[in-house]
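Residues per chain are reported as follows:
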Amino acid sequence: MASLPDCILRTASTTMLSIPELIRKKRDGGELSDDEIKTFIRAISDGSIQDAQTGAMLMAIWQKNMVSREIQTLTREMMSSGEVMSWPPEWKGLVVDKHSTGGVGDKVSLVLAPALAACGCKVPMISGRGLVHTGGTLDKLESIPGFNIHQSAEKIRDILESVGCCIVGQTEMLVPADRVLYALRDATSTVDSLPLIAGSIISKKGAESLCALVLDVKFGRAALYKDLEGAKELAQLLVETGNGLGIRTSAVLSRMDATIGRLVGNSLEVIESLETLKGKGPEDLMELVNTLGGVLLLMAGLASDITEGKKRISEAVIGGAALSKFQAMMEAQGVANEAARSLCSAHTDYFKVLRKSEHQLELETPAEGFVADVDGLVLAQVLHKLGAGRSKAGEPVNHSVGAELLVSLGQRVKKGAPWLRLHYEDPAPTPDQINRLQNALTVNDGTQTHHEHTLVKELLLPN
């Protein structure tokens, strides 16, 4: 194929199609046929297309959009570009997963996966790394010494058989077309194209051969979409695309303005996840875990309604069953038995296992009053600059960098009381960064203001 001039490829219908003609057709607002989309993805998979041509097609899609059928075909072809997982017949209806569009302090997966396993589900959670201000589940888990996110398809099946959940990175054989497109979307400023977002997210979940999928689509100051309407449009497209692949798909629209929980940063978020699994989790984190888990149990037929599903997830966390699953998952993925047991014991010094930052700095409240707001985006941006995140794929992160919120919304504070504890190493925070953090806190000196504590705004459930 690669030897044909102009990357001319032959489709199943024997029509000769050239990549430049496909780019021109989409650039001019035309709809690509199923065969034409297959040709495009096949050329990516076999390397017969030039990066410049792929970039041109991505820009054409970004400019002219795609109709539902095109998105469905794009997603299916991306999914089929590599290995598609298969599961034992007795797991039918039980293989589930969730995906979040990213947030600050979003450690939901670390609590939810073992809770679902404790409720009888099989959870092959394929997660990603953090980029820019959003944290990555894999980075959090890699702050645990020995935790191996690289597992073969065979090993994933073994872990699901024995434990019920695993959290791993994308394997080399899983959706290879997405890896090419993902890298070029970043380079061509087409990351925010809805069809390309849907194709990337749902193709990977489709390759997991899921029975049910729940999407946590964020909106707000620290989210990809700042307003509810934009997030809802993405959520509806993702639900439609997932259902089109035969996965029962639903979405939860949740607020992302401040932080989820009180701890932000890789090893600190592992600590808060473990505290949550020991029944001492913050309300906002448990609200998301219970809601997302409740929806999945309903879709998997393990709960009669969302209320029962939420109750089962909550009991799995509070009763300790989810903690046992998390310990077993850590050990199955390479963590030494002694370290896993220590992290999961009732009274433990987490920093005997996890790395602690060399320096801590407490910031003080500038005035007396009530905490009206904490800007999660500013917090994440400063931590990113201090080494907690990465600007480009492949960059290392400092797992010990992070921050502890010492106050909560609506709380009365005295002037000079500590409100944030910063964990840092090298570089140290600059005066400007400290000033930005101080400005992220809003204290009302008057009466207490009403705060909407619920993060979940809306549910989009399949019929």
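In this text, all values refer to a predicted model and were calculated from it rather than measured experimentally.

Before going further, it helps to spend a moment on the environment of Gly-29. With respect to the helices and strands, Gly-29 occurs in the loop between helix H1 (19–27) and helix H2 (34–46). Taking relative accessible area as the criterion, Gly-29 reaches 46% and is therefore assigned partly exposed. On a C-alpha basis, the gap between Gly-29 and Met-256 in space is 35 Å, while along the polypeptide they are 227 residues apart.

Another aspect to go through is the nonpolar core. Counting 148 residues, the largest nonpolar core has Ile-41, Leu-116, Ile-144, Phe-326 and Met-330 as its most contacted members. When residues in this core are grouped by element, the largest group, nine residues, is from helix H12 (residues 283–299). Not counting residues up to four positions away in its chain, the partners in contact with Leu-116 are Val-96, Cys-121, Val-123, Gly-293, Leu-296, Leu-297 and Ile-313.

Next up on the list: unusual backbone geometry. Cis geometry marks the peptide bond from Asp-426 to Pro-427; its omega dihedral reads 15 degrees. Within the element layout of this structure, Pro-427 appears in the loop between strand E13 (418–424) and helix H17 (431–440). Unlike most non-glycine residues, Asn-65 shows phi in positive territory, near 65 degrees. Mapped onto the secondary structure, Asn-65 falls in the loop between helix H3 (51–64) and helix H4 (68–79). Residue class for Asn-65 comes out partly exposed when judged on its relative accessible area of 38%.

Mapped onto the fold, Leu-422 is located in strand E13. On a C-alpha basis, the gap between Leu-422 and Ala-198 in space is 36 Å, while along the polypeptide they are 224 residues apart. Aside from chain neighbours lying at most four places away, what touches Leu-422 is His-359, Gln-360, Leu-361, Leu-383, Leu-386, Gly-402, Ala-403, Pro-429 and Leu-437.

For the rest of this paragraph, the subject is a negative patch on the surface. Side chains of Glu-90, Glu-154, Asp-158 and Glu-161 sit close together on the surface and give a patch of like negative charge. Residue Glu-154 is classed as exposed on the basis of its relative accessible area, which comes to 55%.

Glancing now at the pattern of salt bridges. A complete count under the given rule lists 21 salt bridges for this structure. Between Glu-425 and Arg-355 there is a salt bridge, with the nearest N and O atoms lying 2.3 Å from each other. Of this pair, Glu-425 sits in the loop between E13 and H17 while Arg-355 sits in the loop between helix H15 (337–344) and strand E9 (359–364); the two residues are 70 residues apart in sequence, bridging distant segments of the chain. Taking the relative accessible area as the measure of exposure, Arg-355 reaches 47% and is therefore partly exposed. In this structure, Arg-421 and Glu-404 form a salt bridge, with 3.1 Å as the shortest nitrogen-oxygen distance. With a gap of 17 residues between them, Arg-421 in strand E13 and Glu-404 in strand E11 (residues 402–405) connect regions that are remote in the sequence. When its relative accessible area of 17% is taken as the criterion, Glu-404 is described as buried.

Position of Lys-122 among the secondary structure elements: in the loop between helix H5 (108–118) and strand E4 (123–126). The side chain of Lys-122 sits in the buried core without any salt bridge; Glu-161 is the nearest counter-charge, 5.1 Å away. Polar side-chain contacts of Lys-122 include one of 2.9 Å to the backbone oxygen of Leu-160. Those residues in contact with Lys-122, other than ones at most four positions away along the chain, are Trp-91, Leu-94, Val-95, Val-96, Leu-160, Glu-161 and Gly-164.

Here we take up the packing of H1 against H3. How two helices pack is summed up by the angle between their axes together with the distance between the axes. The N-to-C vectors of H1 and H3 enclose an angle of 20 degrees; their axes lie 8 Å apart at closest approach. With respect to H3, the element H1 is oriented roughly parallel. You can see that H1 and H3 cross each other, and the crossing is left-handed. Across from Ile-19, Pro-20, Leu-22, Ile-23, Lys-26 and Arg-27 in H1, the residues of H3 making contact are Gln-53, Ala-56, Met-57, Ala-60, Ile-61 and Lys-64. For the contact of H1 with H3, a count of residues per class yields eight nonpolar, one polar and three charged.

Our focus in this paragraph is empty space enclosed by the protein. Tallying each qualifying case throughout the model produces two cavities of 30 Å³ or more. Roughly 30 Å³ of volume is contained in the second largest cavity. Taken together, Met-78, Asp-178, Leu-181, Tyr-182, Arg-185, Leu-196 and Ser-200 make up the full set of residues lining the second largest cavity. Mapped onto the lining of the second largest cavity, the elements with two or more residues apiece are helix H8 (176–187) and helix H9 (194–207). If you tally residues by element for the lining of the second largest cavity, the top one is H8, at four residues. Looking at the lining of the second largest cavity residue by residue, the class counts come to four nonpolar, one polar and two charged.

Strand pairing in a sheet takes place through backbone hydrogen bonds and is either antiparallel or parallel in direction. Strand order in the open sheet formed by four strands is E3-E6-E7-E15, and the pairing between neighbours is mixed. Of all strands in the sheet, those with a lone pairing partner are strand E3 (96–100) and strand E15 (456–460), marking the two edges. Sheet twist, expressed as the mean angle between neighbouring strand axes with direction ignored, is 15 degrees. As judged from the five bridges shared by E3 and strand E6 (residues 212–219), these two strands associate in the parallel manner. Along E6, the bridge assignment pairs His-99 with Leu-215. Strand contacts of helix H10 (residues 228–244): E6, strand E7 (248–255) and E15, with the helix running at about 165 degrees to E7, the strand carrying the most contacts.

Cut-offs applied
- Residues numbered from 1 in each chain as written.
- Predicted model: local features only at pLDDT ≥ 70, side-chain atom pairs only at ≥ 80, totals over all residues.
- Heavy atoms only, no water.
- Helix = DSSP H or I, 4+ residues; strand = E, 2+ residues; numbered from the N terminus.
- Buried < 20%, exposed > 50% of the residue type's maximum accessible area, 1.4 Å probe, protein only.
- Core = buried A, V, L, I, M, F, W, Y, C linked by side-chain atoms within 4.5 Å.
- Contact = heavy atoms within 4.5 Å.
- Patch = residues over 30% accessible without salt bridge, like charges linked within 9 Å, V, L, I, M, F, W, Y side chains within 5 Å.
- Areas by Shrake-Rupley, 256 points an atom, 1.4 Å probe, with all protein chains shown as cover.
- Salt bridge = Lys/Arg side-chain N within 4 Å of Asp/Glu carboxyl O.
- Lys, Arg positive; Asp, Glu negative; His and termini not counted.
- Charge placed at Lys NZ, Arg CZ, Asp CG, Glu CD.
- Polar contact = N/O pair within 3.5 Å; in protein donor to acceptor, adjacent residues only side chain to side chain.
- Axes fitted to C-alpha atoms, helices over the stretch in contact; angles between N-to-C directions.
- Parallel < 35°, antiparallel > 145°, perpendicular 65-115°, else oblique.
- Left-handed = near helix turned anticlockwise from the far one by under 90°.
- Nonpolar A, V, L, I, M, F, W, Y, C, P; charged D, E, K, R; others polar.
- 1 Å grid on protein atoms, 1.4 Å probe; cavity = no way out; pocket = protein on both sides within 12 Å on 5 of 7 lines; lining within 4 Å.
- Points joined across faces, edges and corners; volume = space filled by probe spheres on them.
- Pairing = 2+ DSSP bridges.

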